Amino acid sequence: MSAASCLLTEDQFLCSICQDVFTDPVAIPCGHNFCKTCITQHWNVNVQSQCPNCKEVFNTRPELRVNTLISEMAAQFRQSAQQKASSSSSEQQAAKPGEVPCDVCTGTKLKALKSCLVCLDSYCETHLEPHLTTSGLKTHQLIDPVENLEDRMCTKHDKLLERFCKTDQMCVCMFCTISDHKNHDVVPLKEGYEGKKAELEAEIQQMIQKRRVKIQEIKHSVKISEKDADREIADGVQVFTALKESVERSQAELIDTIKEKQRKTEKQAEGFIKELEQEISELKKRRTEVEQLSRSEDHLHLLQNFRTLNTAPPTKNWTEVRVSPPHRGTVVRAVNQLEETLSEQMKKLLTEVELKRVQQSAVDVTLDPDTAQPWLILSDDGKQVKHGDVKKNLPDNPERFNTHTIVLAKQSFSSGRFYYEVQVKEKTEWDLGVARESINRKGHITATPQNGYWTICLNNQNEYKALDDPQVRLSLKSQPQKVGVFVDYEEGLVSFYDVDAAALIYSFTGCCFTEKLYPFFSTCLNDGGKNSAPLIISPVNHTE
């Protein structure tokens, strides 16, 4: 009989009602077996005498007699299971540091296999047996062994923390949900755990993505910096070559300086990229930890340790980190150091280099007839304007200037750099520059930066002024025939050049632009034909 019982599985000795090994097993007419007490209580509760398994109904309650054969086999199976448990317990090892010990063991504490969330104890294989075989304990919730099970109890109500309050972001017991957290958004632990896990995973993924974008941004900045360096080196070579032997040593020093700055920029970028990649690696490890936690049945563990997971590993805020090209202006600064020994030719060469640089930002500009004062005459192609002798009958729309001889361009600019050139040949008076969109266009106008105008002008044939606040009288060696206007929106810079002489006329610096900027043109009055020549928007010759 012992040999036969060994061929049977535990399920064959379990009562389907109590889910425990048979006690006084009886067989009913349909052939199914139950504990005598279990089937009797089942029939006492139900009106009909029905088999709980196959649902066969018996008109007369069957007489129950203990099946001695099954009873003996169940008893031997129970004894065999206990012997097996006893034998295996002797093979178990004592709990090592960092492992959860059994709370029931006396003397040497064995390693726990499971923790019970109902009993709030951890059990080794031997002491876990009742939870696997006893009907009253089999319904308890078992999880992988954890320490400090008392932390899972509500300190106020001494009840198991089995709910999560999303309103207050904390774990609560059932009594808390009807007292301190009444009307709050309370969900089961598992749902709270799943939500937090998803939130944490999404946050980590977002952090990784931001760092990947930052890496691309840094790499792009390095490329721009490299192009800037190449352009500055080429300009520097041109200037110092023209000055021949007198500045050969300065030329070499300039190139070395630019290259060193570029190396530092690249080294800085490499450091940023390495740091970002390290953070990505740490975040990936972090994601792995979260994934490992997600496979655990211990939902409460993640929620209670969420704050620790949310703050580690430490990561840097990369929002304001930039790799800024350090090269621009290096040539100008190097030349300034030699100012006492260099001639006027050097200044001219420098301005030529600068003018060629700003000419790279040339844009196509055309005049806007809707803004032109009625006395102005515009060419069909929108490239020329002059003052006429007859006022045209034009609608006084909000965009139009009605008093001063002003017209704006159709194009506007709210970022970046732009450059255009205007021929002023044979004119005795003119105003040129840029103006912001919200300027006053009616009645008397005072052109100053405070009023939204950044302009220079010619009066009385040879009086040049920058209409700054206060006005600046300009001393020019020659009268410009063509004026170049350059704007760097972000830099807050407006510069005017004598194109033919390759000379800087004036610069407005430190400007704060917050609106669209429009190229500005004023022909001034005809003055009996003395100032009848037009202002002409000219194509930019990049090779001049």
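Computed from a predicted model, the values in this text were never measured in an experiment.

Rules of the game
For every chain, the first residue of its written sequence is number 1, and the numbers climb from 1 along that sequence. At least 70 in pLDDT is required for a residue's local features to be given in this predicted model, at least 80 for side-chain atom pairs to be given and counted, and no such filter applies to totals for whole chains, interfaces and linings, which use all residues. Hydrogen atoms and water are omitted, and side-chain values are computed over all heavy atoms in the structure. Helix and strand assignments follow DSSP, with helices taken as H or I runs no shorter than four residues and strands as E runs no shorter than two, numbered in order from the N terminus. Throughout this description, buried means an accessible area under 20% of the type-specific maximum (1.4 Å probe, protein chains only), exposed means over 50%, and partly exposed covers the range between. Any pair of residues with heavy atoms lying within 4.5 Å of one another is described as a contacting pair. Only the protein chains shown count as cover for residues, and all accessible areas are computed by the Shrake-Rupley method using a 1.4 Å probe. A score from 0 to 100, pLDDT tells how confident the predictor is in each residue. When DSSP locates at least two bridges between a pair of strands, those strands are taken to pair. Axis lines are fitted to C-alpha atoms, over the contacting stretch for helices. Their N-to-C directions set the angle, which ranges from 0 to 180 degrees. Put simply, a nonpolar core is a bunch of buried Ala, Val, Leu, Ile, Met, Phe, Trp, Tyr and Cys residues held in one set by side-chain atoms that sit within 4.5 Å of each other. For classification, angles of less than 35 degrees are called roughly parallel, those exceeding 145 degrees roughly antiparallel, those between 65 and 115 degrees roughly perpendicular, and all remaining angles oblique. Any residue that is not Ala, Val, Leu, Ile, Met, Phe, Trp, Tyr, Cys, Pro, Asp, Glu, Lys or Arg is counted as polar, Gly included; the first ten are nonpolar and the last four charged. Helix span, expected: 1.5 Å multiplied by one less than the number of residues in the helix. We define a salt bridge as a contact between a side-chain nitrogen of Lys or Arg and a carboxyl oxygen of Asp or Glu at a distance within 4 Å.

## Structural notes on the overall build of the protein
Check the secondary structure of the protein and you find 12 helices and 23 strands. Split into buried and exposed, the 544 residues of the protein put 41% on the buried side. Contacts in the protein between residues far apart in sequence, at least 24 positions, make up 61% of those at least 6 positions apart. Working note: accessible area of the protein is about 30300 Å², and carbon and sulfur atoms make up 48% of it.

## Some points on the confidence of the model for the protein
Within the protein, residue pLDDT values average 85, and 90% of them lie at 70 or more. Segment residues 1-6 is flagged for pLDDT under 50; beyond a separation of four residues in sequence, or across chains, it makes 8 contacts in the model.

## Side note on the sheet that holds strand β15 (residues 430-436)
Strands sit in the order β13-β22-β15-β16-β17-β18 across an open sheet of 6 strands; the sheet is antiparallel. Strands at the two margins of the open sheet, each flanked by one partner only, are β13 (406-408) and β18 (472-474). The average angle at which neighbouring strand axes cross in this sheet is 20°, direction not considered. Across 3 bridges, the pairing between β13 and strand β22 (residues 517-522) is antiparallel. Looking across to β22, one finds that Leu408 is bridged to Phe520.

## So, the nonpolar core
Within the largest apolar cluster, 36 residues are counted, with the highest numbers of intra-cluster contacts made by Trp430, Val483 and Phe521. In this structure Val483 touches Tyr420, Glu421, Val422, Val424, Trp430, Leu432, Ile456, Phe496, Tyr497, Val499 and Ile505, once residues within four positions along its chain are discounted.

## What to know about the packing of helix α7 (residues 189-242) against helix α8 (residues 248-294)
With their axes 10 Å apart at the nearest point, α7 and α8 run at an angle of 170° to one another. Taken as axis vectors, α7 and α8 run roughly antiparallel relative to one another. Across the contact of α7 with α8, the residue classes break down as 23 nonpolar, 9 polar and 15 charged.

## Some points on α7
If you check α7, its first and last C-alpha atoms are 79 Å apart, about what 54 residues at 1.5 Å a residue would give, namely 80 Å. Where α7 ends, the next residue or the one after it, Lys244, has phi of about 55°, a positive value.

## Examining the pairing of strand β17 (residues 463-466)
Side chains of β17 alternate between two faces, with Tyr464 and Ala466 buried and Glu463 and Lys465 left unburied. Linking two consecutive strands that pair antiparallel, namely strand β16 (residues 453-459) and β17, is a turn of 3 residues; a positive phi of about 55° is found at Asn460 within it. Note: β17 against β18, 3 bridges, orientation antiparallel. Paired with Lys465 across the bridge in β18 is Arg473. Connecting the antiparallel pair β17 and β18 is a turn made up of 5 residues.

## Section: the environment of Lys347
Within the secondary structure layout, Lys347 lies in helix α12 (residues 344-359). Spatially, the C-alpha atom of Lys347 lies 9.5 Å from that of Val239, the residues being 108 residues apart in sequence.

## What about the environment of Val57?
Tracing the backbone shows Val57 in strand β4 (residues 57-58). Assessed through its relative accessible area of 38%, Val57 is described here as partly exposed. Residues Val57 and Cys30 lie 27 residues apart in sequence; the distance between their C-alpha atoms is 9.4 Å. Every residue in contact with Val57, bar those within four places of it in the chain, is listed here: Gln48, Ser49 and Gln50.

## Digging into the environment of Ile218
One can find Ile218 in helix α7. On the basis of relative accessible area, Ile218 is assigned to the buried category, the value being 2%. For the pair Ile218 and Val321, spaced 103 residues apart in sequence, the C-alpha separation works out to 9.0 Å. Excluding anything up to four places from it in sequence, Ile218 contacts Ala269, Phe272, Ile273, Leu276 and Val323.

## Overview of the sheet that holds strand β12 (residues 384-387)
Taken in spatial order, the 7 strands make up an open sheet running β11-β12-β23-β14-β19-β20-β21, and their pairing is antiparallel. Of all the strands in the sheet, just β11 (376-378) and β21 (503-508) have a single pairing partner and so form its edges. The mean inter-strand angle of the sheet, taken between neighbouring strand axes irrespective of direction, is 20°. Pairing analysis gives 3 bridges linking β11 to β12, with the strands arranged antiparallel. By the bridge assignment for β12, Ile377 is matched with Lys386.

## As for the pattern of salt bridges
Counted according to the given criterion, the structure contains 17 salt bridges. The partner of Lys197 in a salt bridge is Glu201, and the shortest N-O contact between them spans 3.8 Å. With Lys197 and Glu201 both in helix α7, this residue pair falls 4 residues apart, about one helical turn. What makes Lys197 buried here is its relative accessible area of 13%. With a relative accessible area of 27%, Glu201 lands in the partly exposed category. Measuring nitrogen to oxygen at the nearest pair gives 3.2 Å for the salt bridge that ties Arg417 to Asp488. With a gap of 71 residues between them, Arg417 in strand β14 (residues 417-423) and Asp488 in strand β19 (residues 482-488) connect regions that are remote in the sequence. Of the residues examined, Arg417 reaches a relative accessible area of 31% and is grouped as partly exposed. A relative accessible area of 10% places Asp488 in the buried class. Sharing partners across several salt bridges, the network here consists of Glu194, Lys197 and Glu201.

## Comments concerning unusual backbone geometry
Cis geometry is adopted by the peptide bond preceding Pro470, which originates at Asp469 and carries an omega value of 10°. Looking at the element boundaries, Pro470 is found in the loop between β17 and β18. Even without being a glycine, Leu120 presents a positive backbone phi close to 60°. Along the chain, the position of Leu120 falls in the loop between β5 (114-116) and β6 (121-123). Here Gln169, not a glycine, exhibits a phi torsion of approximately 55°, which is positive. Within the fold, Gln169 resides in the loop between β8 (163-165) and β9 (170-172). Assessed through its relative accessible area of 40%, Gln169 is described here as partly exposed.

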